[in-house]
Each structure stands twice: as C-alpha cells, then as structure tokens.
Amino acid sequence: MENTHKLVIIVGSVREGRFGPAVASWVADQARAHGGFDVEVVDLADVEVPLALPAVSPKLAGDDYPRPAGMEPLTSALDGADAFVIVTPEYNHSYPASLKAAIDWHFTHWTAKPVAFVSYGGAAGGRHAVLHLENVLTELHAVTIRDGLAFPNYFTAWQDGQPLDPQAPGYAKTLLDQLTWWAGALRSAREAAPYPA
C-alpha cells in the first residue's frame, strides 16, 4: 500500500535475561494493528555488531564502508526503513553499548527519518537512556518523536507479555500516529530533493 511505511523496531539490549524482546513484540503488535506500517523487528542479539570501528568514517566511506558480513541484515533493514522505534533499557542512566555500536556503524541510514522510543527500566522507566539517544540521533540528522513510551518498574508492570497499564495501548497509538505522519512527510521530502547534510 502506498500509505504504508516500512517500520523497523530495534531491540537494543543484548544482555542475558533481557526484557527487550517482550517489549518489542508488544510494540510490533500495536504497530501492525495500527495499519500504517509494514513492520520488521531487528534484534541486535542476532546481529554481529563489534565495538571496534574502522578508521574511516561511515559518512566519508559511504557504500564502501567495511562492515562485517554478519551486520548485513541490520544495515539492509536500516537502509530500507521509513521510520524506527528503538526499544531500550536504561543501564546506569544511559542506553546499552550494543545500541551505541549499532548506531555508530551507520550514518546516512538515519538521515531525515523519524525515530520513536520505547524504554523500560526502574523508577525512571528508561527516560535517561532516551534523553541520551535523542542527542545522538539528532547529530545524525534523524527526527526524534516527542511522544514516546516509558515503562517504569517493568518487572512488576507487565504480565504475560502485556503491560498492566490499561492506557498503554492509547499511548502507543499516539506514538504511532506521530510516527506515521513524520514517516510520510519525510519520505516525500527525501523523494522531492536530497537532504542537505
């Protein structure tokens, strides 16, 4: 469908026993029910994402950037996406190293595309992680969505893969409505003229 946008949901944590896949699965269900997206979930635990980077910048190298072969599913997904949802926990008031590495291995893949955030954690619900991600992705010329989802004390706030807060689906709809608007606007803009990065 012409009005359907390719949405990539990224599971940012690779930690043993992580809760991210449960959150991402629920978000994917919400996005599919929304109807505005073709949804793909990319779990960084399934992708080769080394911490050591090549000497050359991905911005300068472009298509010749020497990424590991095991990173191809991630690179391809980012390249084809119209929009992103990043699912992240909060580790020590920030986001996981796995997520930073995945972002740093890419550059133009984020440019002029909208990014929304779904976070989880203790009392803050991952909000510190999101603040840091907003700074990083703004540097990469992405457009961050204001209305995100945060799940404080997720370990008592979820049951059987579902959040216990009855308002959570409504908050998700707001996020997805904003995300689909930006996805359409930015896709049209990218098609009309190259982004002046």
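Calculation rules
Each residue is numbered by its place in its chain's sequence as written, counting from 1. With the structure being a predicted model, the display of local features is reserved for residues of pLDDT at least 70 and the display and counting of side-chain atom pairs for 80 or more, all residues being used for whole-chain, interface and lining totals. Side-chain calculation: all heavy atoms of the structure are included, whereas hydrogens and water are not. Secondary structure elements follow DSSP: runs of H or I no shorter than four residues count as helices, runs of E no shorter than two count as strands, and numbering proceeds from the N terminus. Accessibility here uses a 1.4 Å probe with only protein chains present; expressed as a share of the type maximum, an area under 20% marks a residue as buried, one over 50% as exposed, and anything in between as partly exposed. Nitrogen and oxygen atoms within 3.5 Å of one another constitute a polar contact, given that in protein one can donate a hydrogen and the other can accept it, and given that sequence-neighbouring residues count only through two side-chain atoms. To pair, rings of Phe, Tyr and Trp, with the six-membered ring standing in for Trp, must have centres within 6.5 Å; the planes then decide the type, stacked if under 30 degrees apart, edge-to-face if over 60, and tilted in the middle. Salt bridges, as used here, are contacts in which a Lys or Arg side-chain nitrogen is within 4 Å of a carboxyl oxygen on Asp or Glu. Contacts are assigned to residue pairs that have any heavy atoms within 4.5 Å of one another. At least two bridges found by DSSP between two strands are what make those strands a pair. Seen with its strands pointing away from the viewer, a crossover is right-handed when the path leading from the first strand over the helix to the second is clockwise. Here, nonpolar core refers to any group of buried Ala, Val, Leu, Ile, Met, Phe, Trp, Tyr and Cys residues whose side-chain atoms link them within 4.5 Å.

*Asks:* Help me understand the side chain of aspartate 82 in this model?
*Replies:* With respect to the helices and strands, the residue aspartate 82 is situated in the loop between α3 (72-80) and β3 (83-89). By relative accessible area, which is 9% here, aspartate 82 ends up buried. There is a polar contact of 3.4 Å between the side chain of aspartate 82 and the side chain of arginine 190.

*Asks:* Please clarify how the packing of aromatic side chains should be interpreted in this entry.
*Replies:* Two aromatic rings, taken as a pair, are described by how far apart their centres are and by the angle between their planes. Here the structure, examined in full by the defined rule, presents eleven aromatic pairs. Seen from their ring centres, phenylalanine 19 and tyrosine 120 are 5.9 Å apart, and the 70° between their planes marks the pair as edge-to-face. One end of the pair, phenylalanine 19, is in the loop between β1 (5-11) and α1 (20-34); the other, tyrosine 120, is in strand β4 (residues 114-121), with 101 residues separating them in the sequence. Where tryptophan 26 meets phenylalanine 151, the ring centres are 5.9 Å apart and the plane angle is 85°; that geometry is what we call edge-to-face. Residue tryptophan 26 is located in helix α1, and its partner phenylalanine 151 is located in strand β6 (residues 149-152); the two are separated by 125 residues in the primary sequence. Phenylalanine 151 carries the same exposure label as tryptophan 26, and that label is buried. One aromatic cluster in this structure is built from Phe19, Trp26, Tyr120, Phe151, Tyr154, Phe155 and Trp158.

*Asks:* Could you clarify how one ought to interpret the pattern of salt bridges in this entry?
*Replies:* One side chain can pair with another of opposite charge once the charged atoms of both are near each other. The final tally for this structure, using the stated rule, is eight salt bridges. Two residues, arginine 32 and aspartate 29, come together in a salt bridge whose shortest N-O distance is 3.7 Å. Here arginine 32 pairs with aspartate 29, and both are found in helix α1, just three residues apart, close to one helical turn. Residue class for arginine 32 comes out partly exposed when judged on its relative accessible area of 46%. Through salt bridges with shared partners, one network takes in Asp82, Arg187 and Arg190.

*Asks:* Whenever I open this one, helix α4 (residues 97-104) confuses me. Can you help?
*Replies:* Quick reminder: α-helices carry 3.6 residues per turn. Residues three or four places apart thus point the same way. Looking at α4, one finds that the buried residues are Ser98, Leu99, Ala101, Ala102 and Ile103. Against β1, α3, β3 and α5 (127-139) lie the buried residues of α4.

*Asks:* What am I meant to see in the pairing of strand β2 (residues 37-43) here?
*Replies:* The side chains of a regular strand alternate, residue by residue, between the two faces of the sheet. Of the pairings in the sheet, the one linking β1 to β2 comprises seven bridges and is parallel in character. What sits directly across from valine 11, in β2, is aspartate 43. A crossover links β1 with its parallel partner β2, the connecting element being α1, and its sense is right-handed.

*Asks:* What should I look at first to understand the nonpolar core in this one?
*Replies:* Among soluble globular proteins, nonpolar side chains are generally buried collectively. In this structure, Ile10, Leu74, Phe84, Ile86, Leu99, Trp110 and Leu137 are the most contacted members of the largest nonpolar core, which totals 32 residues. Every element with two or more residues in this core is listed here: β1, α3, β3, α4, β4 and α5. In this structure, tryptophan 110 is in contact with Ile10, Leu78, Phe84, Ile103, Leu137, Leu140, His141 and Ala142, ignoring residues within four places of it in sequence. Grouped together as the second largest cluster of nonpolar side chains are 27 residues, Ala28, Phe37, Val118 and Leu179 included.

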